[in-house]
2 protein chains.
Amino acid sequence: MDRILLGHGSGGSLMHKLVREYFVPEFEMKSLGDSAVIDINSIFQTLTSVNRPERPNFKLAFTTDSYVVSPIFFPGGNIGELAVYGTVNDLAMAGAEPLYISAGFIFEEGFLIEDLKKILAAMSAAAKKAGVKIIAGDTKVVNKGKGDGIFINTSGIGIIREGVNISPLNIRAGDKIIVSGMAGNHGIAVIAERNGLSFNPPVLSDTAPLNHVVQEMLACGEVHAMRDPTRGGIATTLKEMALESGLCFMIEENAIPVANGVRGASELLGLDPLYVANEGILLAVVKRKDAETLLKTLRKNPYGENANIIGYVSESPSGKVLLKTKIGGNRMLDMLSGEQLPRIC
Amino acid sequence: MDRILLGHGSGGSLMHKLVREYFVPEFEMKSLGDSAVIDINSIFQTLTSVNRPERPNFKLAFTTDSYVVSPIFFPGGNIGELAVYGTVNDLAMAGAEPLYISAGFIFEEGFLIEDLKKILAAMSAAAKKAGVKIIAGDTKVVNKGKGDGIFINTSGIGIIREGVNISPLNIRAGDKIIVSGMAGNHGIAVIAERNGLSFNPPVLSDTAPLNHVVQEMLACGEVHAMRDPTRGGIATTLKEMALESGLCFMIEENAIPVANGVRGASELLGLDPLYVANEGILLAVVKRKDAETLLKTLRKNPYGENANIIGYVSESPSGKVLLKTKIGGNRMLDMLSGEQLPRIC
């Protein structure tokens, strides 16, 4: 493989391989996609000129994401709010409270100012809804034919309070696995728009900020790991967490909520909703005895009203995701391979 | 004007107008391009659950920049080190010590892995040289013909020590204006490569990390304002600072160092080196009595060996930059208008 393929951007196994082989060895990170956690004490330690016995009791989370979704306007949202919520959610998945966002724009020459205004208004409204401030920005323009309208990068900074520790390494056998909402809405909404399909009722993107519901969860139960199943969908994200924890995820297909419209569209398009991107749901692996409480908390929040417990963690086989299918069979879930849905976010 | 033009990305007056009209009203920022400064006390204040009388005595700087330079390999560097140093320098211009960088990549399908490896190696080496860590990242892929090989966004976090306060608002009449090196090398190197021109000796990009030399300056004199004259060149950056300070900048053209190769190439290409992008120099407005000390400090550092005092600040006319030309005339410098050199960084 000597060239970048569309599949390298899909969030699946090709992308993981690329990142592992070329990015991780050069950079100070174990993976791409998750928030980096900065121990604020390390910053204090660089301030050697002053002796400061007191230590701050929080960490910073830092993350970045570029948005290249096509089309830029889709049922339920546009690239602007997607870019804000996507980065807000990345921070939230680390247990962080998002505070500050940067926004870098790459325009293709000829992009309509009218569309820019709509996108900026959506970003501004999204920032307010999520409670973050967009405080840094940049604009670049490339020649006609060398871009595709607009690409947006957002990076974000959040704080992780003392005592909050969210990581796949905390997952234990016996933990319960919760999904906060229905599978596949974002991906189906985008692909329908791209292909000129419409459904009745329409399938809308689920793009939404999850930071507040995450804080509600952290206040009422022990959450071991969280991740938002964007590119690659629920299946890929479960597989990532199973691999990183070294444990086995046992999932009930029947327990995963899928809207009728998404189910129908997926059949029509030959897609599996478990591999379709989401932009407003999370997967949480939680302490068994707290699962019901967490589920109740989630269901009280509009962004979690369709939440469900979809399975549990077992000791072995290590790194596997086993799906008990609707018809009673068993299926091994792997990461998305290839490019099921390019440019979905 | 109903569409984005190439000139909107040039760093000049068109871009400033776009940002002022559409971005600033929606976002929590006064301008694009500069680092945002985060008062870390505001973060402490969000941690209301614990009473913490002790307060951290530093601020955070946060900035973002996308890099779309064409071609991606040019004499003296490539898009990778440019993306690291550009963001390092943005932070340094706020008086910050850069610590952490994120890197978001947008690839065009078909991009050569061999080129990716070179770029990642350059980024890694640049991060080491600047003393920053690349801790967060993201990769996206767009279809062939919808991008241009590779675009990179970097965002950065730095700390600003107690007592450091760099802002155009601190500029006073009587201040001296220093440039840390020669004008126009980066822009000429890129444009030469783009047009298949070569010079003997070759003109190399000046891409370089300025954070260490900035710290040396801050330790030995009073620096009121700093900015790196990238897109739009020295002239545009001086004009920005004159406008923001409400004072007048009196500049001696003879005092601005320009390499012979850059001078010759600029004449050949019909360019003014004062409007050509730089990636390894800074403009500093400093207290008059500290100017000579700061100049000496700069000249001891390899990145400042061609530094010079190029003028001073006077009370009026407000917001103007007056250039005393080589032949003894006077010329008013304005921001770059239009797209002298698109996609220079």
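Because the structure is predicted, anything quoted here is derived from the model rather than measured. (Residues numbered from 1 in each chain as written. Chains lettered and ligands numbered in written order. Predicted model: local features only at pLDDT ≥ 70, side-chain atom pairs only at ≥ 80, totals over all residues. Heavy atoms only, no water.)

Another point: the overall build of chain A. The helix and strand tally for chain A stands at nine helices and 14 strands. The C-alpha radius of gyration of chain A comes to 20 Å, within 12% of the 20 Å expected for a compact globule of 345 residues. Projected onto its principal axes, the C-alpha positions of chain A cover 65 × 55 × 45 Å. Here chain A holds 345 residues, and 63% of them are scored as buried. Of the accessible surface of chain A, which amounts to about 12700 Å², a share of 50% is contributed by carbon and sulfur atoms. (Helix = DSSP H or I, 4+ residues; strand = E, 2+ residues; numbered from the N terminus. Rg over C-alpha atoms; globule rule 2.2 N^0.38 Å. Buried < 20%, exposed > 50% of the residue type's maximum accessible area, 1.4 Å probe, protein only. Areas by Shrake-Rupley, 256 points an atom, 1.4 Å probe, with all protein chains shown as cover.)

A few words on the sheet that holds strand E8 (residues 176-179) of chain B. All names here are of chain B. The strand order across the open sheet formed by seven strands is E9-E11-E8-E12-E10-E13-E14, and the pairing between neighbours is mixed. Looking along the sheet, the strands with just one partner apiece sit at the ends: strand E9 (223-227) and strand E14 (330-333). The sheet shows a mean angle of 25° between the axes of neighbouring strands, taken without regard to direction. In the sheet, E8 pairs with strand E12 (residues 308-314) via four bridges, with the strands oriented antiparallel. Each residue of the ladder has a partner; that of Val 179, found in E12, is Asn 308. (Pairing = 2+ DSSP bridges. Axes fitted to C-alpha atoms, helices over the stretch in contact; angles between N-to-C directions.)

Here the focus is the interface of chain B and chain A. Much of the literature gives interface size as the accessible area that the parts lose upon coming together. In this complex, chain B contributes 88 residues to the contact, which on the side of chain A involves 88 residues. Our count for the contact surface shared by chain B and chain A stands at six salt bridges. The salt bridge involving Asp138(A) is made with Arg231(B); its shortest N-O contact spans 3.0 Å. Connecting chain B to chain A are 25 residue pairs in polar contact (both at pLDDT 80 or more). Where the side of chain B that touches chain A is concerned, the elements lending two or more residues are helix H1 (13-23), strand E1 (36-39), helix H2 (40-46), strand E2 (58-67), strand E5 (97-108), helix H4 (113-130), strand E6 (133-142) and strand E7 (150-161) of chain B. (Contact = heavy atoms within 4.5 Å. Salt bridge = Lys/Arg side-chain N within 4 Å of Asp/Glu carboxyl O. Polar contact = N/O pair within 3.5 Å; in protein donor to acceptor, adjacent residues only side chain to side chain.)

Residue and element names in this part refer to chain A. Position of Lys 239 relative to the elements: it lies in helix H7 (residues 233-245). Along the chain, Lys 239 and Leu 333 lie 94 residues apart, while their C-alpha atoms are 7.1 Å from each other. Setting aside chain neighbours within four positions, we find Lys 239 in contact with Gly 319, Lys 320, Val 321, Leu 333, Asp 334 and Met 335.

This structure, assessed with the given rule, holds 13 aromatic pairs over all chains. Aromatic pair Phe105(A) and Phe27(B): ring centres 6.4 Å apart, planes at 15°, arrangement stacked. Within this pair, whereas Phe105(A) is found in strand E5 (residues 97-108), its partner Phe27(B) is found in the loop between H1 and E1, the two belonging to separate chains. Under the relative-accessibility criterion, Phe105(A) is labelled buried at 1%. Classification of Phe27(B) by relative accessible area gives buried; the value is 6%. Cluster of aromatic residues (ring-pair linked, three or more members): Phe23(A), Phe27(A), Phe105(B), Phe107(B) and Phe111(B). (Phe/Tyr/Trp six-rings, centres within 6.5 Å; stacked < 30°, edge-to-face > 60°.)

Right, let's talk about the domain arrangement of chain A for a bit. All names here are of chain A. In terms of domain boundaries, chain A breaks down into domain 1 (6-161) and domain 2 (168-333). Contact with domain 1, which involves 30 residues of that partner, is made by 27 residues of domain 2. For the domain 1 and domain 2 pair, buried surface summed over both sides reaches about 2300 Å², with 58% attributable to carbon and sulfur atoms. Ranking the residues of domain 1 by area buried against domain 2 places Pro 75, Asn 89 and Met 93 at the top, with a combined share of 27%. Between domain 1 and domain 2 we count zero salt bridges in total. Linking domain 1 with domain 2 are nine residue pairs in polar contact (both at pLDDT 80 or more). Mapped onto the side of domain 1 that touches domain 2, the elements with two or more residues apiece are helix H1 (13-23), strand E3 (73-74), helix H3 (79-93), E5 and helix H4 (113-130). No other element matches H3, which puts nine residues into the side of domain 1 that touches domain 2. Grouping the constituent residues of the side of domain 1 that touches domain 2 by class yields 14 nonpolar, eleven polar and five charged. (Domains from an automatic or database assignment. Buried area = accessible area lost by both parts, 1.4 Å probe. Nonpolar A, V, L, I, M, F, W, Y, C, P; charged D, E, K, R; others polar.)

What follows concerns the pairing of strand E2 (residues 58-67) of chain A. A regular strand carries its side chains on alternate faces of the sheet. Residues and elements named next belong to chain A. With nine of its ten residues buried, E2 lies for the most part within the structure. In this sheet, E2 lies alongside strand E1 (residues 36-39) in antiparallel orientation, the contact comprising four bridges. Note that in E2 the partner of Ile 38 across the bridge is Leu 60.

Moving on: the sheet that holds strand E11 (residues 283-286) of chain A. Residues and elements named next belong to chain A. Across the sheet, which stays open at both edges, the seven strands sit in the order E9-E11-E8-E12-E10-E13-E14 with mixed pairing between neighbours. The sheet is open, and its two edges are formed by strand E9 (223-227) and strand E14 (330-333), each paired on a single side. Mean inter-strand twist for the sheet, computed between neighbouring axes without regard to direction, equals 25°. Here four bridges tie strand E8 (residues 176-179) to E11, and the two strands are oriented antiparallel to one another. Within E11, the residue paired with Ile 178 across the bridge is Ala 284.

Take the confidence of the model for chain A next. Across chain A, pLDDT averages 93, with 95% of residues at or above 70. In the predicted assembly, ipTM is 0.96 and pTM is 0.96. (pLDDT = per-residue confidence, 0-100.)

A few words now on the relation of the copies chain B and chain A. Both copies of the chain are related through a single rotation about an axis accompanied by a shift along the same axis. With an RMSD of 0.0 Å, chain B superimposes on chain A once it is rotated by 180° and translated 0.0 Å along the axis. Both copies of the chain, as the preceding transformation shows, are related through a two-fold rotation axis. Among all residues of chain B, the minimum C-alpha distance to the rotation axis is found for Gly147(B), at 2.1 Å. The fraction of interface residues of chain B whose copies in chain A are also interface residues reaches 100%, indicating that both copies meet through the same surface. (Least-squares fit on C-alpha atoms with pLDDT ≥ 70 in both.)

Before going further, it helps to spend a moment on helix H5 (residues 185-194) of chain A. Residues and elements named next belong to chain A. In terms of burial, H5 is largely enclosed, as eight of its ten residues are buried. Burial in H5 covers these residues: Asn 185, His 186, Gly 187, Ile 188, Ala 189, Val 190, Ile 191 and Ala 192. Downstream of H5 by a residue or two, Gly 196 has a phi angle that is positive, lying close to 70°.

Residues and elements named next belong to chain A. Structurally, the position occupied by Ser 266 is in helix H8 (residues 260-269). Reaching out from Ser 266, the side chain makes a polar contact with the backbone oxygen of Val 262 at a distance of 2.7 Å. Residues in contact with Ser 266, not counting those within four places in the same chain, are Ile 188, Leu 271 and Pro 273.

A separate point is the pairing of E5(A). All names here are of chain A. The buried fraction of E5 is high, at twelve of twelve residues. With ten bridges connecting them, E5 and strand E7 (residues 150-161) associate as antiparallel partners. If you follow Ile 106 over to E7, its bridge partner there is Phe 151. Note: E5 against strand E6 (residues 133-142), nine bridges, orientation parallel. Directly across from Glu 108, in E6, lies its bridge partner Val 142. As for the winding sense of the linkage, the β-α-β connection from E5 through H4 to E6 is right-handed. (Right-handed = clockwise from strand over helix to strand, strands pointing away.)

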